[in-house]
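This is what each chain is made of:
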Amino acid sequence: MLTLRERQINAIKQMLNLNSQQPKALAAEPVWKILIYDRVGQDIISPIISIKELRELGVTLHVQLHSDRDSIPDVPAIYFCLPTDENLDRIQQDFSNGLYDVYHLNFLAPITRSKIENLAAAALHAGCVANIHRVYDQYVNFISLEDDFFILKHQQSDQLSYYAINRANTRDEEMEALMDSIVDSLFALFVTLGNVPIIRCPRNSAAEMVARKLEKKLRENLWDARANLFHMDATQAGGGVFSFQRPVLLLLDRNMDLATPLHHTWSYQALVHDVLDLGLNLVYVEDETASAGARKKPKACDLDRNDRFWMTHKGSPFPTVAEAIQEELESYRNSEEEIKRLKTSMGIEGESDIAFSLVNDTTARLTNAVNSLPQLMEKKRLIDMHTKIATAILNFIKARRLDSFFEIEEKVMSKQTLDRPLLDLLRDGEFGQAEDKLRLYIIYFICAQQLPESEQERLKEALQAAGCDLTALAYVQRWKGIMNRSPSISQATQYEGGGTKTVSMFTKLVSQGSSFVMEGVKNLVVKRHNLPVTKITEQVMECRSNAETDDYLYLDPKLLKGGDVLPKNRAPFQDAVVFMVGGGNYIEYQNLVDFIKQKQTSNVQRRIIYGASTLTNAKQFLKELSALGGEIQSPTATS
């Protein structure tokens with residue numbers, strides 16, 4: 001069964017094949033073409049189709065829509081962009097300049113009737129109506145980062161950020177536009193999946209606004225006989241991603257849990273995102289090998305699904321990853337030694353033709369070894385890349401004491417007593433950076449039931465002395481006050497925190513003389529636990545009666561007159577799409593992945609897809625909280 005990512009890739013490949021079905025066996029010579037995209041189109045394509053794959057699909061040139069482009073006759077031009085006024089003006093300009101002979105227009109979101117009429121008028125005026133071969137609405141306006149993880153925006157993601165949704169002076173029409181943008185992308189997601197979901201979400205939240213609008217949009221499409229995009233619904237033709245059962249779409253609001261986005265983390269992928277700013281599966285690491293005096297140039301590392309090591313270890317705790325890199329290096333060295341030994345034993349150090357002909361009997365062994373050379377070279381490249389990334393992370397862990405922060409936060413979340421009072425930690429000049437201390441304090445403040453004013457003041461003074469900007473605290477305090485007044489929400493977000501235990505220090509790494517100097521870093525093993533998002537997902541999927549989720553809306557777009565209450569005796573869901581309005585993170589994604597792995601049985605395949613309006617790391621999230629806090633401290637007149 002195809003995953004969400006694979007279905008999106010197929011849709012885009014079909015578009016690049018000039019919207020005709022791809023032949024099973026690729027033709028010897030593809031149709032050569034050029035691809036013109038806007039920033040959104042670029043963000044969608046870059047994590048899922050490499051430049052090499054674009055070449056194989058016949059794309060000789062891929063350029064930005066708003067760049068200076070020369071006329072290229074005789075070659076089809078595929079446009080892949082949003083139907084915004086700015087983009088359409090540029091396309092009309094291309095028409096009048098007669099840049100291309102054949103136009104294939106593919107819009108990321110449905111183009112309105114009036115806009116397409118304007119476009120047609122422009123084509124008529126430019127005399128290029130015959131050159132426009134196809135105009136398509138492509139429902140792929142979301143970014144697939146993994147098989148089971150998507151976001152809606154990367155560049156200009158602040159338009160859908162937590163700040164944009166929660167700021168004080170948002171006008172109604174801005175909020176409507178923001179919600180419509182989220183709904184359009186979620187609608188495209190379900191068209192790509194080929195399923196109509198059942199929608200659950202908490203009441204009186206941004207998530208409810210999205211849910212109501214999405215239900216209306218899905219229902220209107222289902223009851224429109226001519227334009228129904230779900231006629232291949234899984235329940236009728238087995239065409240969808242999920243099994244015959246319909247998935248549940250669980251829409252959640254970031255406000256339910258502000259601690260997790262600020263939490264220090266210990267798994268590989270989340271650490272890369274937290275300290276190295278992973279974006280669209282690409283991370284830049286400073287090249288340590290640069291010669292003395294030369295400026296260190298950041299090196300791009302592509303962490304994609306073709307990287308077997310990444311796919312295996314992205315969810316592993318960092319110490320495990322360091323050990324695994326060391327083991328991979330050992331196995332590579334052994335393979336290299338084997339080839340050298342074979343050459344020596346055959347006496348072909350000089351690699352002359354005569355030497356080769358002399359030793360026919362052992363040639364087969366050498367041939368095998370030589371044939372495996374390309375794989376070995378690729379393995380070496382990946383080992384070097386992960387060594388570089390892991391070394392950069394290790395430097396951050398040591399400099400900022402991230403292992404200790406992670407351990408303390410886990411204790412705070414699981415209500416264990418701390419070895420050292422928090423005040424001492426915050427006053428300790430050697431202990432981490434100002435930003436790390438602020439993150440720790442906010443998590444402590446959120447998880448503490450009652451925090452006396454006097455203690456708060458003492459802790460704030462310590463934070464200020466450490467150089468922290470306390471603007472964010474004004475917003476977090478207001479948020480906590482609201483949460484305490486709505487018991488059903490605060491109940492759902494009780495943190496259990498797994499706690500950690502330190503196992504024997506890195507014995508393998510020490511004994512093997514590793515390139516990773518792990519001195520002073522704790523080898524923490526995290527106990528398995530569910531974050532608030534995962535707990536709610538479990539309750540919604542199981543359809544068990546529960547105080548936290550019983551009040552959630554239940555919307556079924558397939559029912560003409562549906563109520564919004566969960567029906568009695570509803571069978572549990574096998575599949576779920578969990579979507580976070582206001583920004584998600586790799587910590588929650590990994591927690592859901594681990595949770596669903598535990599739930600698999602031999603006869604029941606369960607799946608969860610996690611999505612978010614944007615992907616933010618703790619630094620970006622703190623910035624948004626500070627901006628919201630700043631509005632509370634100095635409210636400006638609504639513009």
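Preceding this section is the structure that the text describes.
From a predicted model like this one, the values you see are computed outputs, not experimental measurements. (Residues numbered from 1 in each chain as written. Predicted model: local features only at pLDDT ≥ 70, side-chain atom pairs only at ≥ 80, totals over all residues. Heavy atoms only, no water.)

A. Main features of the overall build of the protein chain. Of the regular secondary structure elements, the protein chain holds 25 helices and 16 strands. Counting over 639 residues, the protein chain shows a buried share of 53%. Looking at the protein chain as shown, the accessible area adds up to about 29,800 Å², and 51% of this sits on carbon and sulfur atoms. (Helix = DSSP H or I, 4+ residues; strand = E, 2+ residues; numbered from the N terminus. Buried < 20%, exposed > 50% of the residue type's maximum accessible area, 1.4 Å probe, protein only. Areas by Shrake-Rupley, 256 points an atom, 1.4 Å probe, with all protein chains shown as cover.)

B. Here's a closer look at the sheet that holds strand S8 (residues 198-201). Across the sheet, which stays open at both edges, the seven strands sit in the order S6-S7-S16-S15-S9-S8-S14 with mixed pairing between neighbours. Looking at which strands have only one partner, the edges of the open sheet turn out to be strand S6 (143-146) and strand S14 (553-555). Taking each pair of neighbouring strands and ignoring which way they run, the sheet shows an average axis angle of 20 degrees. Against the sheet, helix H24 (residues 586-599) makes contact with S6, strand S7 (149-151), strand S15 (575-581) and strand S16 (607-612), and its axis sits at roughly 175 degrees relative to S16, the strand it touches most. (Pairing = 2+ DSSP bridges. Axes fitted to C-alpha atoms, helices over the stretch in contact; angles between N-to-C directions. Contact = heavy atoms within 4.5 Å.)

C. Layout of helix H16 (residues 402-413). Over its twelve residues, H16 runs 16 Å from end to end, which matches the ideal 16 Å to within 8%, given 1.5 Å per residue. Most of H16 is tucked away: twelve of the twelve residues are buried. Every buried residue of H16 is accounted for by Leu402, Asp403, Ser404, Phe405, Phe406, Glu407, Ile408, Glu409, Glu410, Lys411, Val412 and Met413. Two residues or fewer past H16, Lys415 is found with a positive phi of approximately 60 degrees. (Expected span 1.5 Å × (residues − 1).)

D. Fine view of the packing of aromatic side chains. In total, this model carries 19 aromatic pairs according to the counting rule given. Note on Phe149 and Tyr586: the rings are 5.4 Å apart at their centroids and 85 degrees apart in plane angle, and the pair reads as edge-to-face. Here Tyr586 lies in helix H24 and Phe149 lies in strand S7, a separation of 437 residues in the sequence. Of the residues examined, Phe149 reaches a relative accessible area of 0% and is grouped as buried. Ring centres of Trp266 and Phe318 lie 6.4 Å apart, and the angle between their planes is 65 degrees; on these two criteria the pair is classed as edge-to-face. Residue Trp266 is found in the loop between strand S9 (248-253) and helix H10 (268-276), and its partner Phe318 is found in helix H12 (residues 318-345); the two are separated by 52 residues along the sequence. Of the two residues examined, Trp266 and Phe318, each falls in the buried class. Among the aromatic residues, those joined into a ring-pair cluster are Tyr79, Phe95, Tyr100 and Tyr103. (Phe/Tyr/Trp six-rings, centres within 6.5 Å; stacked < 30°, edge-to-face > 60°.)

E. Geometry of the packing of helix H20 (residues 471-485) against helix H25 (residues 618-633). Closest axis-to-axis distance for the H20/H25 pair is 6 Å, and the angle between their directions is 80 degrees. Classified by the angle between their axes, H20 and H25 sit roughly perpendicular to one another. Residues Thr471, Ala472, Ala474, Tyr475, Val476 and Arg478 of H20 form the contact with H25, whose own contacting residues are Leu622, Leu625, Ser626, Leu628, Gly629, Gly630, Ile632 and Gln633. Broken down by class, the residue content of the contact of H20 with H25 amounts to eight nonpolar, five polar and one charged. (Parallel < 35°, antiparallel > 145°, perpendicular 65-115°, else oblique. Nonpolar A, V, L, I, M, F, W, Y, C, P; charged D, E, K, R; others polar.)

F. Quick look at the sheet that holds strand S5 (residues 132-137). Across the sheet, five strands lie side by side as S2-S1-S3-S4-S5; this open sheet has parallel pairing. Bordering the open sheet on either side are strand S2 (59-64) and S5, each of which pairs with just one other strand. When the angles between neighbouring strand axes are averaged without regard to direction, this sheet yields 20 degrees. Pairing between strand S1 (residues 33-37) and S2: five bridges, direction parallel. Paired with Tyr37 across the bridge in S2 is Gln64. Packing against the sheet, helix H1 (residues 4-16) makes contact with S1, S2, strand S3 (72-81) and strand S4 (100-107), and its axis sits at approximately 155 degrees to S3. Strand contacts of helix H4 (residues 85-97): S3, S4 and S5, with the helix running at about 165 degrees to S4, the strand carrying the most contacts.

G. Highlighting the nonpolar core. Counting residues in hydrophobic clusters, the biggest one holds 91 residues, and the most contacted among them are Leu35, Phe80, Val272, Ile389 and Ile393. In terms of residue count, the dominant contributor to this core is helix H15 (residues 373-400) (ten residues). In contact with Ile393, not counting residues within four places along its chain, are Tyr268, Leu271, Val272, Val275, Leu276 and Phe318. Grouped together as the second largest cluster of nonpolar side chains are 40 residues, Tyr162, Leu426, Tyr441 and Tyr495 included. (Core = buried A, V, L, I, M, F, W, Y, C linked by side-chain atoms within 4.5 Å.)

H. Highlighting the pairing of S8. On S8, burial covers both faces: Ile198 and Arg200 on one face and Ile199 and Cys201 on the other are all buried. Bridge count for S8 against S9 is three bridges, and the pairing is parallel. Following the sheet pairing, Ile198 is matched in S9 by Val248.

I. Highlighting the pattern of salt bridges. All told, the structure shown has 33 salt bridges when counted by the stated rule. Two residues, Glu176 and Lys213, come together in a salt bridge whose shortest N-O distance is 2.7 Å. With a gap of 37 residues between them, Glu176 in helix H7 (residues 172-193) and Lys213 in helix H8 (residues 206-222) connect regions that are remote in the sequence. You can call Glu176 partly exposed: its relative accessible area is 36%. Across the pair Arg400 and Asp436 runs a salt bridge whose closest N-O atoms are separated by 2.8 Å. Of the two residues, Arg400 is situated in helix H15 and Asp436 in helix H18 (residues 434-447); the sequence distance between them amounts to 36 residues. Each of the two residues, Arg400 as well as Asp436, counts as buried. (Salt bridge = Lys/Arg side-chain N within 4 Å of Asp/Glu carboxyl O.)

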